[in-house]
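Here is what each chain is made of, one letter per residue.
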Amino acid sequence: MKRFTAALTLVLILALLAVPAQAKAPRNGKYIDKYGNIFIMKDGKPRTGHFRYKGKWYYGHKTGDGPYWKGSCTAGEMRVERGNKWYAYGLDGAMIRKDQYVHRGRRRILQLDIRSRNHTVRYVYGTARGSIGSRYSTREGRMQFLDDDGEWRTYEGMPYYPPYVDDQR
């Protein structure tokens with residue numbers, strides 16, 4: 001019995017030593033937790049809503065329901081705000097404020113068409129090999145294709161949100 005107790009104690013001690021220590025969130029500043037969620041802290045609390053940090057705009061979730069934790073920033077997705085205003089956020093959580101391009105060899109292909117006036121997304125272009133000549137219109141909520149005459153035509157059907165849209169509040 002003593003051997004079993006000693007072995008069990010040793011296993012528990014080794015298990016505790018193997019658990020990595022979780023870094024404590026800073027009182028102020030940017031913090032990324034072990035799950036990859038981005039938080040911008042102020043006075044020990046995560047910021048929520050639209051806010052500016054070090055010259056860039058971020059969005060911190062106001063609620064904890066859905067896939068994001070309360071206070072975590074939208075990252076690598078788009079948000080749809082009142083009035084059908086679409087905002088794009090990079091993987092670092094900062095708002096994308098200029099057109100984005102994908103490079104294929106010497107070609108530069110537009111991926112995100114951003115309005116310069118209010119930095120909202122106008123179109124999301126298909127950049128995969130079979131999807132060049134298609135785009136998603138944020139105003140119409142539908143896909144469009146380039147016809148033989150060089151005109152953009154809208155596919156018929158119901159408007160929808162693509163899977164890269166974060167609609168959590």
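These figures come from a predicted structure and were not determined experimentally. (Residues numbered from 1 in each chain as written. Predicted model: local features only at pLDDT ≥ 70, side-chain atom pairs only at ≥ 80, totals over all residues. Heavy atoms only, no water.)

### Focus on the overall build of the chain
For clarity, the cut-off: Helix numbering and strand numbering both begin at the N terminus, where a helix is a DSSP run of H or I of at least 4 residues and a strand a DSSP run of E of at least 2. Throughout, a contact is declared for two residues whenever any of their heavy atoms are within 4.5 Å. Accessibility throughout is a Shrake-Rupley quantity obtained with a 1.4 Å probe, and a residue counts as covered only by protein chains that appear here.
The secondary structure content of the chain amounts to one helix and 14 strands. In the chain, 32% of the contacts between residues at least 6 apart in sequence involve partners at least 24 apart. Looking at the chain as shown, the accessible area adds up to about 11700 Å², and 54% of this sits on carbon and sulfur atoms.

### Things to note about the environment of F51
Let me state the cut-off plainly: Accessibility here uses a 1.4 Å probe with only protein chains present; expressed as a share of the type maximum, an area under 20% marks a residue as buried, one over 50% as exposed, and anything in between as partly exposed.
Note that F51 resides in strand β4 (residues 49-53). On the basis of relative accessible area, F51 is assigned to the buried category, the value being 4%. Between the alpha carbons of F51 and I40 there is a distance of 9.5 Å; along the sequence they are 11 residues apart.

### Considering the packing of aromatic side chains
Given two aromatic rings, one states the distance between the centres and the angle between the planes to describe the pair. We count it as follows: Pairing of aromatic side chains requires ring centres within 6.5 Å, counting the rings of Phe and Tyr and the six-membered ring of Trp. Pairs whose planes differ by under 30 degrees are stacked, by over 60 edge-to-face, and all others tilted. Over a ring means this: the NZ of a Lys or the CZ of an Arg is within 6 Å of the ring centre and within 35 degrees of the ring normal.
Enumeration over the complete set of coordinates arrives at 10 aromatic pairs. For the ring pair W86 and Y136, a centre distance of 5.5 Å and an interplane angle of 50° mean the geometry is tilted. One end of the pair, W86, is in strand β7 (residues 85-88); the other, Y136, is in strand β11 (residues 134-137), and 50 residues separate them in sequence. Overall, W86 belongs to the buried group, its relative accessible area being 1%. Look at Y136 and you get buried, because its relative accessible area is 1%. Linked through ring pairs, W86, Y136, Y160 and Y161 together constitute an aromatic cluster. Here the basic side chain of R79 rests over the ring of Y59, its NZ or CZ set 3.7 Å away from the ring centre. Residue placement shows R135 over the ring face of Y123; its charged tip is 3.6 Å from the ring centre.

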